[in-house]
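# What the coordinates show
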Amino acid sequence: MSLATIHSFAFSGIEAVPVEVQVQIASGLPAFLVVGLPDKAVGEARERVRAALTAMGLALPPRRVLINLAPADLLKEGSHFDLPMALAVLAAMDVLPREELGQYAALGELSLDGSLNPVSGVLPAAIAAGAAELGLICPGPQGGEAAWAGTVEVLAPVDLLSLINHFRGSQVLTPPGTSGLAPAQAGPDLADVKGMESARRALEIAAAGGHNLLLVGPPGAGKSMLAARLPGLLPDLTPSEALEVSMIHSVAGMLEGGRLLKRPPFREPHHGASQAALAGGGSRARPGEVSLAHRGVLFLDELPEFPRPVLEVLRQPLESGQTTVSRAAAHITYPARFQLIAAMNPCRCGHLGDAARECGRAPRCGEDYLGKLSGPLLDRMDLTVQVQPVSAVELSRAPPGESTVIVAARVAAARAAQRARASPDMAATNAEVDSARVTLTEDGRKLAEQAATRLGLSPRGFTRVLRVARTIADLAGAPTVRRQDVAEALAFRHRIPGRQFA
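What counts, and where the lines are drawn
- Residues numbered from 1 in each chain as written.
- Predicted model: local features only at pLDDT ≥ 70, side-chain atom pairs only at ≥ 80, totals over all residues.
- Heavy atoms only, no water.
- Helix = DSSP H or I, 4+ residues; strand = E, 2+ residues; numbered from the N terminus.
- Buried < 20%, exposed > 50% of the residue type's maximum accessible area, 1.4 Å probe, protein only.
- pLDDT = per-residue confidence, 0-100.
- Contact = heavy atoms within 4.5 Å.
- Pairing = 2+ DSSP bridges.
- Expected span 1.5 Å × (residues − 1).
- Arc of directions from axis to C-beta.
- Salt bridge = Lys/Arg side-chain N within 4 Å of Asp/Glu carboxyl O.
- Axes fitted to C-alpha atoms, helices over the stretch in contact; angles between N-to-C directions.
- Left-handed = near helix turned anticlockwise from the far one by under 90°.
- Nonpolar A, V, L, I, M, F, W, Y, C, P; charged D, E, K, R; others polar.
- Phe/Tyr/Trp six-rings, centres within 6.5 Å; stacked < 30°, edge-to-face > 60°.

### Description of unusual backbone geometry
Cis peptide bonds are those with omega within 30 degrees of zero, and the linkage from A70 to P71 qualifies with 5°. Looking at the element boundaries, P71 is found in the loop between β4 (64-70) and α3 (82-92). Phi at L37 is positive, roughly 60°, even though this residue is not glycine. Tracing the chain through its elements places L37 in the loop between β3 (31-35) and α1 (40-43). Assessed through its relative accessible area of 42%, L37 is described here as partly exposed. In this structure, D94 is a non-glycine residue whose phi angle is positive, near 65°. With respect to the helices and strands, D94 occurs in the loop between α3 and α4 (98-101).

Next comes the structure, spelled out in C-alpha cells:
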C-alpha cells in the first residue's frame, strides 16, 4: 500500500478553507475512486487526471486508487482540485518526492494534454497558503496573481510535465513576479454636464461621503449621464481595500490577468437581473453584484423596473456591509460595502408633472409606479435629487461646468479629512460613521432635532441626515457641522413628487 498527501483549498465566500488531498494506492481490482463529498466537476477529475498522465506516457497502476478529500463533510466544488489530485497520485506512484510536495498547496485545472488552465480563487488561496507557511502551485498564467500574496513561494508551471521536471531536478521554474495593477479606464468628464447645479452638487456630496443617491427625473433628463461620471470622482482604493476587492473578483473568476484593482468597481446590472445575480447564490453560491461592487458603486437604472423581491435583498447589505447566501449545508458570507446609486422616472410614462405630456392616469400612475418601491428601501437613500431637463438653448450656449479633475480634488480632500478622524477600527467614510461621533454646533443640532420632529424622520433617517451634513462640512473644510450644513442635508432628504418619505 502507498500513501501520499498534498494540500489544497475549498472556498467559503472569499475565505480559503484548507483541504487535504489524500491518495492511497492499494491492492485490489483496478479502480479510481474519489470520496469526500465531491461535486460533479471534482468527480470528473478522474478522467482528466487519467488523460493527462497518458499524454505524458504514464499510466495508472492496475490497482485500487482511492482519493479522499478531507475534511469529508465539506462540499468540494470546482475543477481546481485536478492538479492536487494528479500530484498526489504521482507522489503515491513515487514519481514525485512526497515530503517536498507536502510543503506546497496546489490548485489548477488539467487539460487532456497535461497543460494547466486558469481557475478562480488563486489570490485568496495564495494568502491562505502563506498564512499556513506553505508554497503554492498554480497555473502559469496566474503566477502573477499568486505573487501578490507576498513572501509565499509560488510555482507557476504551464503544464504538468514541466512541474514534474522541476521536482526531479531537470528543469527550474522561475518564481513569477506580480502581475501589476489593472489599468484605470478614462471615464466621461463632468464638464460635459451643463446646468443641473443641484444634481451636480448631490453627486459631489455622494462621492465625498460614500452616500447612497437616488436620481428622479423624466426620460432623457441626464440621470444615467450623471451616474456614469461618479466613478471618476472617487479616489483610488487603499492597498487593503484593493486586496479585499481583488479577492472577491478572484473568487468570481473575474480578475483579468491577475492584476489587482486600484479603482473602485462600478457595476450596473440590468433590471432583469435575478435575486441570485444581485445578492449572490446559484448552484455554487457565487458572489453577486452587491459583492462585486464592494468598495465601489452599484448603479441600478430604472429602479422600479426591478422586481420588488430583488430590490428587498439590498436592505440587509446596505446596513451591514455584507451579504449571506444560505444553503442547507452551509452559510456563505461575502463582503458587500457598496454605494448605491439609483435612477428612476417619476411614473411609468415618465412625464408626471408635465401637463402637456403626462398621461390621462396622472397623478395615480405616479403613485402606482412609486408603490413598487418600499419605504424601508427609500429610507436608506441618503440623497434624493430631482433631475430637470436642460433646455436646448442652455445646452448649446451654456459654458462647460467644472471638470472631473477639479471636483475629484475636493472629494479627495474630504475623504482625507474622514480618514484623519477615523481610527483603525472605525469606518473610513461618513456613510458608515457612527452618528454619535458627528460633532455639531448648537444651532446645527437644534435645527436637526426640530426637522426630525416636524418631518417625522425615522431614527435611521435622522442618522443619515447627520452623516450627509458631516460630508457637506468636510467639503467646506469645517471642523464641526454647522446649521447650513444640516439645512442642505435636509434639502436632499427624500422629496419625490406624489409621495413623501421620511
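So much for the structure itself; the text now carries on.
### A few points about the confidence of the model for the protein
The predicted model of the protein averages 90 in pLDDT, with 95% of residues at 70 or higher. Counting interchain partners and residues more than four positions distant, the pLDDT-below-50 stretch residues 497-502 has 20 contacts.

### Some remarks on the environment of L160
With respect to the helices and strands, L160 occurs in helix α7 (residues 160-168). Separated by 104 residues in the primary sequence, L160 and M56 have C-alpha atoms spaced 8.7 Å apart. Excluding anything up to four places from it in sequence, L160 contacts L53, M56, L83, A86, L87, L90, L110, G114 and L116.

### Structural notes on the sheet that holds strand β15 (residues 339-344)
Spatially, 5 strands are ordered β11-β12-β15-β10-β16 in an open sheet, and the strand pairing comes out parallel. A strand with exactly one partner marks an edge of an open sheet, and here the two such strands are β11 (266-267) and β16 (383-386). Here 4 bridges tie strand β10 (residues 213-216) to β16, and the two strands are oriented parallel to one another. Looking at β16, one finds that L214 is bridged to T384.

### Structural notes on helix α18 (residues 404-421)
Note on helix geometry: an α-helix contains 3.6 residues per turn, so any two residues three or four positions apart are oriented the same way. Here α18 contains 18 residues, and its C-alpha end-to-end distance of 26 Å stays within 8% of the 26 Å for a straight helix at 1.5 Å per residue. Turning to α18, its buried residues number three or more, namely T404, V407, A408, V411, A414, R415 and Q418. Around the axis of α18, the buried residues are gathered within 125° of arc, so they sit on the same side. Set apart from the buried face of α18 by more than 90 degrees, the exposed residues are V405 and A420.

### What about the pattern of salt bridges?
Summed over all chains, the structure comprises 23 salt bridges. Across the salt bridge formed by R460 and E319, the nearest N and O atoms sit 3.0 Å from each other. Taken together, the residues span a long stretch of sequence, with R460 in helix α20 (residues 459-476) and E319 in helix α14 (residues 315-320) at a distance of 141 residues. According to the relative accessible area criterion, R460 is partly exposed, its value standing at 27%. Here E319 falls in the partly exposed class, since its relative accessible area comes to 39%. Ionic contacts of the salt-bridge type, sharing partners, join the residues E319, D379, R380, D382, R460, R464 and R493 into one network.

### Examining the pairing of β10
Neither face of β10 is left uncovered, since the one carrying L213 and L215 and the one carrying L214 and V216 both have all their residues buried. Relative to β15, β10 is paired through 4 bridges, and the arrangement is parallel. From the neighbouring strand, L213 faces β15, where its bridge partner is I341.

### Let's talk about the packing of helix α8 (residues 197-209) against α18
Their axes nearest at 8 Å, the elements α8 and α18 cross at an angle of 35°. α8 and α18 meet at a crossing whose hand is right-handed. Listed contacts from α18 to E204, A207, A208 and G209 of α8 are V407, R410, V411, A414, R415 and Q418. In terms of residue class, the contact of α8 with α18 is built from 5 nonpolar, 2 polar and 3 charged.

### With respect to the environment of G366
Positionally, G366 belongs in helix α15 (residues 364-370). When its relative accessible area of 1% is taken as the criterion, G366 is described as buried. What G366 contacts, discounting residues up to four positions off in sequence, is P346, C347 and L352.

### Describing the packing of aromatic side chains
Under the counting rule described, the total for this entry stands at 2 aromatic pairs. Each ring, one from F266 and one from F299, has its centre 6.2 Å from the other, and the planes form 20°; the classification is stacked. In this pair, F266 sits in strand β11 while F299 sits in strand β12 (residues 297-300), placing the two residues 33 residues apart along the sequence.

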